[in-house]
Amino acid sequence: MLKIDDLRVHLDADAGLVRAIDGMRLTLAQGQTFALVGESGCGKSMTALALMRLLPDNGRIAGGRLDLDGQDLFDLSEARMRDVRGGRIGMIFQEPGTSLNPVMKVGAQIVEAIEAHTPLRGEAARKKAVDWLRRVGIPEPERRIDEYPFRLSGGQKQRIMIAMTLAAEPDFLIADEPTTALDVTIQAQILELLKDLQRERGLGLLLITHDLGVVSGMAHQVALMYAGQIVEVAPAADFFAAPKHPYARLLLRALPDAERRGEPLAAIPGTVPPLWQDFDGCRFEPRCDRAMVHCGSTCPSLSAVQDRPAGHEVRCLLYTDPREALMRPAARPAETAATAKSSTDQANGKRPLLLEVKDLKVRYPLARGLLGGTKRWFDAVGGVSWSIESGRTLALVGESGCGKTTTGKAIVQLLRRVATIEGQALLHPPTDAATGQGGAPRDLFALDGEALREARRQVQIIFQDPFASLNPRLRVQEVLEEGLLALRPELDASARLALLHELVDQVGLRRDALGRFPHEFSGGQRQRIAIARALAVEPRLIVCDEPTSALDVSVQAQILNLLRELQRSRGLSFLFITHNIGVVEYIADEVAVMQSGRIVEAGACDAVLGSPREAYTRTLLAAVPRVERRTAA
Ligand code: SF4
């Protein structure tokens, strides 16, 4: 057993002393998975770093014990701790790119771990390394073992990292978002491998993740963290069947899926409070939908929940001090962006066509011949056809590299200079309200000059990483004005400012946001800025390329609510590119499944996801980890 008792971690920051972990207790047993969940900034990753004694320079362990076989690891010398680290306790980090040595072949790095922590040497260690590469799903492991990290994709680097950690045969593994960078099918394979190791060798796993689906499939115990403290801990089955803390209930209600379709998701308002402040009451109080008058002045402690299995504890006054009479007159509802049912569900009748894509092929040049001609090509998209109606959402799903993002970028005209595009993308003009007739469609790929500019206005894109897609040197006002100046030159300065005010109101930002820089905002707020930028030029179609995959569950819910509301109020269409099947079930009307540059199955969302005909679709759906809903949370 690995036992953490009253762990406290402090960080020195400009704003003052940050209490990143404030009195944590948990026990990790061999052969068991303990999942630590919560939003970004709750202290999950800091816990992992503290357990490995790898805190940043401004951090220190301010108190507590980390007990392994009766020995407090916080008392060990650094030399002895090095043996424990990577030997008895392994760790998989979140960012594989920075965890591998870039000037060492991947095989040599795995062999180094094997030789340091097992009796195997030389050729036997190399054979074992090949074996581990195979177990984590690296194709052609005999060849790939001699590659340098830079030749591998992000997902492959993550698998190398996992192989290297497991090769040392640790008793305990701390895995910080180990599968976030991986496709669902590879993720399923890695999770299965971890389960096998638990069965074979009794591996104890501390799993840190924000993916409640993964937790549901893997964990024996779950601890939910909020603002540096555990607020609920329970056997996994009981946590999902009967979550007690209001934060846990809201998180589960924020998960998108088919059941919640047509209704707004519970999006928890506000953000995790800064941890340099002193708390007089419950840390969740400003965001809690069940807060009572005394919650702001009484600190709840972690206590056993009555009538639940042993080990279910919660930090909430509702269970220890239920002075219901003092409850606020109206409990604050969880934030919802829309109360009406989506128009997409109200009107499932035929709508006018907006975009028809016919036999789209995208090829990238790989190598040039002696005379400058292209010698080799990579066919990223090999002839796909689909269409979107006005006010509807089509989801493109599939694994990384299947061509879904390339398809989206081709439609938004981002690949004109770097790839060869064939086929047609016919953009239909809006129908005339009086006659109900539309004009002739125009092929986006055949346009140039003014016609191309006008088409660009109608089709916009939102990217996965809102920070990378916003110029850090421009204030939000300049970011939003850029598109307006280029695509709506008819607007004068005062009309532009009025429009910007309207836009920030609509995406739920304050007007003073216009004067600030992107780095001053959270991930969710930055994604709102990116949405406002797309909306500024009044598009009819927005390509949403994994717009929520970098966000916490609660922020994802806010963004999905916003997109649904915009579809309802503006009649927008979305091409939604994602690997998150729950999001697809929640938001999409139609779905097209892509594999190796082709569409293997397409149709109405319910039909394709409910009774898939193709084996690939079934494999993809089977690999998706899901939270089994056993509660009306
Ligand atoms: Fe909400 Fe009060 Fe419980 Fe905190 S103690 S979670 S504010 S009900």
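Residues numbered from 1 in each chain as written. Predicted model: local features only at pLDDT ≥ 70, side-chain atom pairs only at ≥ 80, totals over all residues. Heavy atoms only, no water.

Further remarks concern the overall build of the protein. Each helix and strand counted, the protein has 22 helices and 22 strands in total. At 26 Å, the protein has a C-alpha radius of gyration in line with the 26 Å of a compact globule built from 633 residues. Principal axes of the C-alpha set define a box for the protein whose edges measure 80 × 75 × 50 Å. Considering only contacts within the protein whose residues lie at least 6 apart along the sequence, 69% involve residues at least 24 apart. Of the roughly 27200 Å² that the protein leaves accessible, carbon and sulfur atoms contribute 49%. Within the protein, the 79 negative side-chain charges are centred at a point lying 2 Å from the centre of the 78 positive side-chain charges. (Helix = DSSP H or I, 4+ residues; strand = E, 2+ residues; numbered from the N terminus. Rg over C-alpha atoms; globule rule 2.2 N^0.38 Å. Contact = heavy atoms within 4.5 Å. Areas by Shrake-Rupley, 256 points an atom, 1.4 Å probe, with all protein chains shown as cover. Lys, Arg positive; Asp, Glu negative; His and termini not counted. Charge placed at Lys NZ, Arg CZ, Asp CG, Glu CD.)

Let us now look at the domain arrangement of the protein. With domains assigned, the protein is organised as domain 1 (2-219) and domain 2 (345-622). If you average the C-alpha positions of domain 1 and of domain 2, the two centres end up 36 Å apart. Facing six residues of domain 1, the contacting portion of domain 2 comprises nine residues. If you look at where domain 1 meets domain 2, you find two residue pairs in polar contact (both at pLDDT 80 or more). Taken together, the residues of the side of domain 1 that touches domain 2 sort by class into one nonpolar, three polar and two charged. (Domains from an automatic or database assignment. Polar contact = N/O pair within 3.5 Å; in protein donor to acceptor, adjacent residues only side chain to side chain. Nonpolar A, V, L, I, M, F, W, Y, C, P; charged D, E, K, R; others polar.)

Time to look at the state of the cysteines. Evaluated as defined, the whole model comprises zero disulfides. With no disulfide of its own, Cys544 has Cys605 as its nearest cysteine by sulfur position, at a separation of 15 Å. (Disulfide = S-S within 2.5 Å.)

Attention shifts here to the nonpolar core. One finds Leu7, Leu73, Ile89, Ile174, Tyr247, Ile531 and Phe576 to be the most contacted residues of the largest nonpolar core, which totals 128 residues. Here the element with the most residues in this core is helix 19 (residues 553-570); it accounts for eight residues. Shared between two domains, this core takes at least three residues from each, and those domains are domain 1 (2-219) and domain 2 (345-622). Ranked by size, the runner-up nonpolar core spans 37 residues in total, among them Ile92, Leu133, Leu152 and Leu173. (Core = buried A, V, L, I, M, F, W, Y, C linked by side-chain atoms within 4.5 Å. Buried < 20%, exposed > 50% of the residue type's maximum accessible area, 1.4 Å probe, protein only.)

Looking now at the sheet that holds strand 2 (residues 16-28). Strand order in the open sheet made by the four strands is 2-1-4-5, with antiparallel pairing throughout. Edge strands, defined here as strands with exactly one partner in the open sheet, are strand 2 and strand 5 (71-72). As judged from the eight bridges shared by strand 1 (residues 2-13) and strand 4 (residues 59-68), these two strands associate in the antiparallel manner. Among the inter-strand pairings, His10 is bridged to a residue of strand 4, identified as Arg60. Here helix 1 (residues 44-51) sits on the sheet in contact with strand 1, strand 2 and strand 4, set at roughly 110° to strand 1. (Pairing = 2+ DSSP bridges. Axes fitted to C-alpha atoms, helices over the stretch in contact; angles between N-to-C directions.)

A separate point is the packing of aromatic side chains. The geometry of an aromatic ring pair is captured by two quantities: the separation of the ring centres and the angle between the planes. In this structure the tally under the stated criterion is five aromatic pairs. Ring geometry for Phe239 against Phe240: centres 5.3 Å apart, planes inclined by 85°, an arrangement best described as edge-to-face. As far as the burial class goes, Phe239 and Phe240 line up, both buried. In this structure an aromatic cluster arises from ring pairing among Tyr226, Tyr247 and Phe284. (Phe/Tyr/Trp six-rings, centres within 6.5 Å; stacked < 30°, edge-to-face > 60°.)

What follows deals with the site of the ligand. Taken together, His245, Pro246, Cys282, Glu285, Cys288, Arg290, Ala291, Cys295, Cys316, Leu317 and Leu318 make up the full set of residues near the ligand. Taken together, the residues that form the shell around the ligand break down as eight nonpolar, one polar and two charged. (Near = heavy atom within 4 Å.)

Counting across every chain of the model gives 40 salt bridges. Between Glu200 and Arg135 there is a salt bridge; the shortest N-O distance is 3.4 Å. Here Glu200, found in helix 8 (residues 184-201), pairs with Arg135, found in helix 5 (residues 122-135); they are 65 residues apart in sequence, far enough to count as distant. We note a salt bridge from Glu450 to Arg453, for which the minimum N-O separation is 3.1 Å. Note that Glu450 and Arg453 are positioned in helix 15 (residues 449-458) at a spacing of three residues, about one turn of the helix. Take Glu450: its relative accessible area is 52%, and that puts it in the exposed class. On the accessibility criterion, Arg453 (39% relative accessible area) is partly exposed. (Salt bridge = Lys/Arg side-chain N within 4 Å of Asp/Glu carboxyl O.)

Turning to the environment of Thr27, a few remarks are in order. Positionally, Thr27 belongs in strand 2. Thr27 gets classed as partly exposed once you look at its relative accessible area, which sits at 32%. Sequence-distant contacts of Thr27, that is, excluding residues within four places in its chain, are made with Met1, Leu2, Lys3 and Phe34.

An α-helix turns once per 3.6 residues; consequently, residues spaced three or four apart project the same way. Extensive coverage of helix 11 (residues 246-253) is indicated by the burial of six of its eight residues. The set of residues buried in helix 11 consists of Pro246, Tyr247, Ala248, Leu250, Leu251 and Leu252.

Right, let's get into the side chain of Glu177. Take Glu177: it is sitting in the loop between strand 7 (172-176) and helix 8. One buried charged side chain, Glu177, makes no salt bridge at all; its nearest oppositely charged neighbour is Lys44, positioned 4.9 Å away. Within the structure, Glu177 has its side chain in polar contact with the side chain of Thr209 (distance 3.4 Å). Excluding residues that lie within four positions of it along the chain, Glu177 makes contacts with Gln94, Gln158, Ile208, Thr209 and His210.

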